[in-house]
Amino acid sequence: MKWILCLGMLVLASACAPMKTLEELEAEALRTGDWTLVEQRERLIEKRNARRPPSCPAGQVSYCEKNIGILECQCVSKSIMSSVIASR
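Residues numbered from 1 in each chain as written. Predicted model: local features only at pLDDT ≥ 70, side-chain atom pairs only at ≥ 80, totals over all residues. Heavy atoms only, no water.

Draft legend 1. Region of the structure containing a negative patch on the surface. On the surface, Asp34, Glu39, Glu42 and Glu46 cluster together to form a negatively charged patch. Mapped onto the fold, glutamate 42 is located in helix 3 (residues 36–51). When its relative accessible area of 39% is taken as the criterion, glutamate 42 is described as partly exposed. (Patch = residues over 30% accessible without salt bridge, like charges linked within 9 Å, V, L, I, M, F, W, Y side chains within 5 Å. Areas by Shrake-Rupley, 256 points an atom, 1.4 Å probe, with all protein chains shown as cover. Salt bridge = Lys/Arg side-chain N within 4 Å of Asp/Glu carboxyl O. Lys, Arg positive; Asp, Glu negative; His and termini not counted. Charge placed at Lys NZ, Arg CZ, Asp CG, Glu CD. Helix = DSSP H or I, 4+ residues; strand = E, 2+ residues; numbered from the N terminus. Buried < 20%, exposed > 50% of the residue type's maximum accessible area, 1.4 Å probe, protein only.)

Draft legend 2. Inspection of the pairing of strand 2 (residues 70–77) at higher detail. The pairing of strand 1 (residues 60–67) with strand 2 spans eight bridges and is classified as antiparallel. Each residue of the ladder has a partner; that of lysine 66, found in strand 2, is leucine 71. Counting the residues that bridge the hairpin from strand 1 to strand 2 gives two residues, and of these isoleucine 68 lies at a positive phi of roughly 50°. (Pairing = 2+ DSSP bridges.)

Draft legend 3. Examining the state of the cysteines more closely. Under the criterion given, the structure shown has two disulfides. Paired through a disulfide, cysteine 56 and cysteine 75 show a sulfur-sulfur distance of 2.2 Å. Here the S-S torsion is close to -90°, and the disulfide linking cysteine 56 with cysteine 75 is therefore left-handed. Here cysteine 56 is found in the loop between helix 3 and strand 1, whereas its partner cysteine 75 is found in strand 2, with 19 residues between them in sequence. A relative accessible area of 24% places cysteine 56 in the partly exposed class. Its relative accessible area of 30% is what places cysteine 75 among the partly exposed residues. (Disulfide = S-S within 2.5 Å.)

Right, here's the structure in full:
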């Protein structure tokens, strides 16, 4: 039981560790010449943004479909979505 508690505390402590900003990583990369961490962060940001549905203008909602593991989203009029849902 103590091991589980210790492991849980370790995970929580590592989750609260300060994370460098992209600007700090870039400044460090300029000094060292190693851009690996910057590239990893940019890939993470790109992956995170790809999962987010687009923000739609007023009067529209985001409609997403998953095709072969790829989430595709588009903005659709609320009235069209209402009629599609009502027809089912």
